[in-house]
Every structure is written in C-alpha cells, then in structure tokens.
Amino acid sequence: MSKEELQKEIWFLYRLWYRYYLIYTFLRENKRELELVSKLQEKQNELLRLIDFAKDQL
C-alpha cells in the first residue's frame, strides 16, 4: 500500500471514529441505550488502535 493510500485510509478511520463519537455523546447525554453506549465506546477504541497501527506503517 502506498503512502498516499495509507493516509487516505487513516483519514477514513478518523471520520468513522468521529461519527461513532457523535452518536456516543448524544446517547450518553440523553441517557439512552446504555448498552449501546458501551459498545460504541469499544468501537471508538478499536478505531483508535487501527489508526495508531496505520500511522506506524507510514
């Protein structure tokens, strides 16, 4: 994978993480679906690990 492709992938992961973050904060603030909130937080953490791994490949 080229450096440019890897950077595009990293930005895609950041955008995905941000979408999860927006949903997570909305649900948390409105005290809805507490089980879903924890799952979203897990997904956010997983995305951050993938982003760190991709950055290491640059």
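Residues numbered from 1 in each chain as written. Predicted model: local features only at pLDDT ≥ 70, side-chain atom pairs only at ≥ 80, totals over all residues. Heavy atoms only, no water.

Regarding the overall build of the protein chain
Okay, step 1: For the protein chain, the count of helices and strands is two helices and zero strands.
Okay, step 2: Taken against the 2.2 N^0.38 rule, which gives 10 Å for 58 residues, the C-alpha radius of gyration of the protein chain at 14 Å runs more than 25% over that of a compact globule.
Okay, step 3: Oriented by its inertia axes, the alpha-carbon framework of the protein chain measures out at about 45 × 15 × 10 Å.
Okay, step 4: The burial tally for the protein chain puts 21% of its 58 residues in the buried class. (Helix = DSSP H or I, 4+ residues; strand = E, 2+ residues; numbered from the N terminus. Rg over C-alpha atoms; globule rule 2.2 N^0.38 Å. Buried < 20%, exposed > 50% of the residue type's maximum accessible area, 1.4 Å probe, protein only.)

As for the nonpolar core
Okay, step 1: Counting six residues, the largest nonpolar core consists of Leu 6, Ile 10, Leu 13, Leu 47, Ile 51 and Ala 54.
Okay, step 2: Ala 54 has contacts with Leu 6 and Ile 10, leaving out every residue within four places of it along the chain. (Core = buried A, V, L, I, M, F, W, Y, C linked by side-chain atoms within 4.5 Å. Contact = heavy atoms within 4.5 Å.)

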